[in-house]
Structure formats: C-alpha cells, structure tokens
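These are the residues of each chain, in order.
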Amino acid sequence: MLSHSFYIDGVTCSGCLRKIYSLKPNYPKIELSVDMSRNTLLLLAPKTESTNSIQKDIESLGFKLHPIEDKNDALKINIKENRSFLIKIAVAALFAGNIMLFSVSIYSGAEGDLGKYFEWLTFILFLPILFYSATPFYINTLDSFKRKRLSIDVPITVSIILGAGLSVYNLFYSFGKTYFDSLAILVFLLLSSRYFLKKMQQKYLGISYLKSFLPSLARKMSSSGDECEMLSAESIKVNDIMLVKKGELIPLDGQLVSKKASLNNSVITGEARPVEITQNQNCYSGTMLLSERAVIKVTSTSSNSRISLLFEKLDAEIKKPSQLTSFTDRASSLFVIILFIIGFIFCCFYLFVDPEEAIHRFLALIILACPCAIALATPLSQSLSLIKASKKGLLIKNAEVFERFVKIKNIVFDKTGTLTVGEFKLIKWERGSPSLHDLQVIYELERNSSHPLANAFKNYYWDHLGKSKAPCLETKSHKEVSGVGVSCQIEMDNFELKSYKLNKTDYTAVGLYKNNSLLNVAYLGDELREDSFKTIKMFLKNKFSIFILSGDNEGAVKSVGLKLGLSNKNLFFNKNPEQKHTWVQSHPLTLMVGDGVNDSLALASSHLSIAASGSMESTLKASDVYLSQPGLYQIYELYELSKETLKVIRRNLGFSLVYNLLGATFALMGYISPLLAAILMPLSSLFVLSSSLWGTSFLRGFNRASKTSTPKGPEFNLTPKYLEASH
C-alpha cells in the first residue's frame, strides 16, 4: 500500500467528514482518513491504484488539497494558516478601533464638513477589513455554493456586503447613516469567535491522545556509536541508528543491529510470551524490549511505522460520523435554513415599517442563532470521552460505541482468557504420563501456536525435558483450525490434538489422537480473573442478561458459571466459531466479549463487540473496542462512561436549542443589536466546551481514577492475554 498525504482546506464540521467519507464506497480499494486536528487527509492505495479520481471528487465537494511529504509539513501549513487568521483578526481590531474613534465624534455631534470628513475616514479605514479581514466569510460562502449547502457564512457575507453597499450609497449621496463602525466590530468579533472554535477543534477533535500508546522520544546514536542524543521520534530518519534500553517501547520500526534481543511482541501478534530475534531481523514500533539493550537501524519514519498506520486506520474509523453526530449536523443545517427563511420573511414585512431596523434585526437574528454550538455539542463530548477511555486502556474504533452500548440488552462472554486468566496448567493425564515420543509429537503440534493451551503444553515439555531439548521431528501438512485443534503428519502417521468431547470433569480436556485413535487425554486448569465476579455482578445489577458462550466442555463452563452466579440456561458450551456466530446473530442488541481471533465471526456480527486480548492489529478489524490492559471491569466502566457521555450530549443540545430559540426571539423583537449578538454568539460554544470539559461527577472521577491507574512513559505496556480454551 502506498500512502498519499494532503493538507485539506475547508473541513470545519462532522458534515464535511460525512461528505468525504461518502465517497468511500466508490473506491473500495482505497482507504481514507481525515484528521481535523491537523487538517490532513491520508489516502492508502495499492501500487496499481491511482488516487487522482478520488482527489478530484473530494475537490469537487469544495475542499482544496495540498500534497505534503509528512505530518510536519501539515503542521507547518496549519501554523501558517493560524498565523494568517490571526493577522486578519489583528487588522480588523486595529482599523475597527480607529473607526470607533471617529464614530464617537460623529455620534457626539460632529456635523457639516467635519462630520463628512470623519465619515469618509471611517470608509477608507473600513476597506482593509472589507477586502482582507472578511475574506474567510466570502471563501466559505463560495464553498457552500459549490457543496450546494447553506452555511451560516452565507447570510453573514450577504449582510456585510449589503451593509457596506448601503453605507457607501448613503455616504456618496448624503442620505442616512453609515454602518462602517458596526460592520468593522462585527467582523472582528466573528473572526475572533471563529478562531476560538477552530483552536477548540484542533485541540479536542484529533487523535493526539493515541500518542500515549507510543514513546515520543528516541535515542539516536552517533556515527561512531560513542554518543546518544535524545530526540523526538518524529525527527528520526530512515537508516538512523537508535538505542533502546530494557523495559522501553521501541519507538520506530527497524532492523536489529545487535546480535540478538528479547521482545514482548503482544501488540503485534497478541502473544505475551517473550520472542527472541536475531541480527538483521525486523522489530516493530510499540513492542517492548525485555533484554538489557538493543541497537536498531530505523527502516521507517514515525508516520509510516506499522502501528502508526494502524492508528491512522483507527482514526479513520473514529472520525466517521456516528448516527447522533450525523443527526445533529443535519439538524444544525436545517436550523440555518429555517432561521434564514424566517428572518427573510420578517425583513420583507418590516421593511415597510422601518427599513433600517429590519436590516438590524435580521442581521442580529442570523448572527446570534448560529448553530455552531449544536454542531459542536456531540463530537466534542464524544472526543473527550474517547480520551478518557484511552487512559483506561480502551481503544475505541468509533464514537458510535457510546450510543450503541446504552441500547445493549444481552452481554455474552467467552470463557477462557476472557472470564479466566487464560494461563493453563496441565493438571493430570488420563492414561499416565506420555512417552517421550508422544511428548515430542505434542511439542511439534504446538510449536508455532500462541494459544493458551499450546503454551501450557510447551511449558510442560520444557519443565520435563528442558528448552535445549526441542525435538526435530519431520512434520508435514501442519494445520491449525481455530476452535477445533491442530494436526500434522509425522512419518506415515496422522496426529491430532483436539478437544476431548467425553470429558466428565470440570477441567479442560484435550485428546491426543494417532490415526483417529485416542492415545491419551490431558486435563488442564485455569483460574477466574480477579475482577470477573465484580464485573458480572455490576452488569446483573443493571438488568443485563449475561451469557457464557464457550468452546470448552460442559463441566468447565458450568463450574465457572456457578462461581459467577449465572443460571445454567445462560451457559453454552462446546460451541465452535460458526456456532457462536449463529447464536449472536439470533440475539439482537448483544455485546460480545471475546477473542479477536477465535471469536472474530461472533464479534463482527454482534451489535457491539469488545476484544479482551490478541493482536491489536487483527482484533480491531473484527471488534469495536480493544482492551489493551488485562481485566474486565473497564468494560463496565465503559458502560457507565457511555451513559454519562450521552447525558452530557443531551445537556449540551438542550442548552444550545433553548439558547438559539430565545436568541432568535429576542433578536426579532429588537432587544438585541447586531453588535450585542456578535458578543453573545461565542458564549454558547463556550458553554458547550465548559459543559463537556466539566462533564458529570462520574466523568470527573473517571478521569482522576485514570490518572492514578494508567502507567505512563516507556513502561506503558499493551500486554493482552490470549483467549479461548477450545483449540
């Protein structure tokens, strides 16, 4: 896949994102994501696929694309745009202040030639504001016409141009008043509030919180290898040499220069056991170094590392507008249209009563009733909750998770590795200890598997024969079937290691078969997670129906169900992945909590899905949420977080609606002038920001708990446990 990065102009709300993402079905081979915090567009396409067509389609929607090399270029453009916007505000402030000085003289009674002279000065001073500072409103208006969508900038632009035109006419023909002072202050206030909203979006609507999962610094070694310099990971280039110390996360993808290194590769493979690599082998950003130190040659930049591209894809999913976001965005657009129509009708009738007052009230109505707060209420609250969830180790693929969780009726748990620790120990053999040959066969069957049962068998082999005595049997047709077992051919015989269906114990039973004949049965045990009972108890207290859906045997499942206080009718055992998938499909509004590999079918078909372990890269394809830390109670905390997030959203929307309706009423009644409206307009957005940041008492406590419970820095470890007893 080739990545194409662009700086994108014109993305201001979730409606813009919805329009861009609506193009995706037309280009199934191309992945796209938009980062509103940096105004960047990323297109991932196969080498044989051109992105020219989708670029043209995006630009036809009214957005402008500027190719960039990396995110630093985007940051530079963003800084440049912000500086340009601030200059426009400064120009408006400078000339508006001088215009007000002359206007005070006019209002104080300056008449005749002196008064006329002051009016001409206000006109000249207003020209930089009209033709420079106010240009963002004109550009956005033209973009609105291109997108065939009415935005708040359309009536503002019309008002500025009409007000300026009427003032110029009155100035030339000495007829009536001029409004250069009011229009100048209006442009200054509108630009200031617009900049405030833009900075709010850049700070809270991006995915910068995902950076907490990766180290931001790297040690770059000198060419002689004698010195190290600590630099930002983003400044490290391909072919640079970096040094990583024990317990730290590898900052960038690279190739091992040292002779060997031991890694915790769980973020990539889902396997928590140490993996040893040797010189010239690849290692990836996000993996933890377990050996003393490692020297690594960088093979990709920070923005192109394997896990960074994963976060880009995750960002694309997060930024897809949820149902609630889409609804509020459409509602805000409809609100603008309705207000514009009401204001226009009112203005037409009131022109016959007082033309000047009609224009004033119409302008005050349009400014004060700007739906920015309505459009901001949902994405801002969702974004802040995503940040809170990430501090608990919850990687959420889409903000719609909050909306879906509160609708859930059933919660289904996989057993092994989800409700239990997933670290099996071999308890006993049914037919006595196996022979040396049988142990070697079992090891060869499980050699390359990362399943918890496979780890138990390999540990048993190492404990009895030692790690240095790995067998070298010739195997053929090696096959591992998720939810079934493993098989291979050794010499002329077919061996299988799979679930033993005649198990009458509470242990997990696995049979070793030779040419379909049972040789021996191994019984393995597992322990419940410490927080399993507490989690189940809290969900039952909130009237959820709780089920266990496992591939393990009846005795093992019922034993766990009994300890958790679940009814036997809610326990399902001996289920393969396809049967789990069928069960979940037949039960709507179900949350599935399971293994991102063995339970991928069931996870993908459920109303909401949470992967409790496995490779982050693979599980995020099937599930909606990934637990990067062991434990289950954060799932219940996610439920509470979802409820409180929607509570804040409803509060914000309710305030915004009442504010806009009252503002519109008072504006039409003449109690609010355009200038006062421009002052009051950003207050609604400021309230939404304050309300979202303040949240509820639960959200504030949630945040404090996150700060005390989440490791920070290089020691932050994404270490999942693997799942599912049935091999």
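It should be noted that the structure appears before, not after, this text.
To start, this report covers the structure provided alongside it. Predicted model only: the values in this text are computed from it and were never measured.

**Some details on the pairing of strand β7 (residues 241-245)**
Across two bridges, the pairing between strand β5 (residues 217-221) and β7 is antiparallel. Each residue of the ladder has a partner; that of K220, found in β7, is M242. Sheet topology places β7 next to strand β13 (residues 293-298); five bridges connect them, and they run antiparallel. Within β13, the residue paired with V244 across the bridge is A294.

**Re the packing of helix α6 (residues 153-173) against helix α11 (residues 355-368)**
Contact pair α6 / α11: the axes reach a minimum separation of 10 Å and the direction vectors enclose 155°. When the interaxial angle is binned, α6 and α11 end up roughly antiparallel. With respect to the hand of their crossing, α6 and α11 are arranged in left-handed fashion. Residue-level inspection shows P155, I156, S159 and L166 of α6 in contact with α11, the latter providing I359, F362, L363 and I366. For the contact of α6 with α11, the per-class residue count stands at seven nonpolar, one polar and no charged.

**Concerning unusual backbone geometry**
Backbone geometry at S477 places phi at a positive 55°, although glycine is not the residue there. On the secondary structure map, S477 appears in strand β17 (residues 475-481).

**Regarding the sheet that holds strand β20 (residues 508-514)**
Strand order in the open sheet formed by six strands is β16-β21-β20-β19-β18-β17, with antiparallel pairing between adjacent strands. Two strands close off the open sheet at either side, each with one partner strand: β16 (425-429) and β17. The sheet shows a mean angle of 20° between the axes of neighbouring strands, taken without regard to direction. By the bridge criterion, five bridges tie strand β19 (residues 493-499) to β20 in an arrangement that is antiparallel. When the bridges of β20 are listed, K498 appears paired with G511. The strands that helix α15 (residues 436-446) touches are β16, β17, β18 (485-490), β19, β20 and β21 (517-525); relative to β19, the one it contacts most, it runs at about 70°.

**Focus: the nonpolar core**
Counting residues in each nonpolar core, the largest one holds 41 residues, and the members touching the most others are F126 and F137. Going through the elements one at a time, α3 (71-107), α4 (112-133), α6, α7 (180-204), α10 (323-350), α11, α22 (633-669) and α23 (674-694) are the ones with two or more residues in this core. Residue contributions to this core peak at ten residues, all from α7. Excluding residues within four positions of it along the chain, F137 makes contact with D153, I156, T157, I160, V187, L190, L191 and R194.

**Notes on the side chain of D552**
Turning to its location among the elements, D552 is positioned in the loop between β22 (545-549) and α18 (554-564). A polar contact is formed between the side chain of D552 and the side chain of K415, at a distance of 3.1 Å.

**Describing the packing of helix α17 (residues 532-541) against α22**
In contact at an axis separation of 8 Å, α17 and α22 are set at 30° when each is read in the N-to-C sense. Judged on the interaxial angle alone, α22 and α17 are roughly parallel. Contact residues: α17 offers K534, T535, M538 and F539, while α22 offers Y633, I635, Y636 and Y639. The residue inventory of the contact of α17 with α22, partitioned by class, reads six nonpolar, one polar and one charged.

**Description of helix α19 (residues 577-585)**
For α19, the complete set of buried residues consists of P577, K580, H581, W583 and V584. Looking straight down α19, one finds that the buried residues subtend no more than 165° of arc, so they occupy a single side. At its buried positions, α19 is contacted by β15 (410-413), β22, β23 (571-572), β24 (590-595) and α20 (600-605).

The rules behind these values
Residues numbered from 1 in each chain as written. Predicted model: local features only at pLDDT ≥ 70, side-chain atom pairs only at ≥ 80, totals over all residues. Heavy atoms only, no water. Pairing = 2+ DSSP bridges. Helix = DSSP H or I, 4+ residues; strand = E, 2+ residues; numbered from the N terminus. Axes fitted to C-alpha atoms, helices over the stretch in contact; angles between N-to-C directions. Parallel < 35°, antiparallel > 145°, perpendicular 65-115°, else oblique. Left-handed = near helix turned anticlockwise from the far one by under 90°. Contact = heavy atoms within 4.5 Å. Nonpolar A, V, L, I, M, F, W, Y, C, P; charged D, E, K, R; others polar. Core = buried A, V, L, I, M, F, W, Y, C linked by side-chain atoms within 4.5 Å. Buried < 20%, exposed > 50% of the residue type's maximum accessible area, 1.4 Å probe, protein only. Polar contact = N/O pair within 3.5 Å; in protein donor to acceptor, adjacent residues only side chain to side chain. Arc of directions from axis to C-beta.

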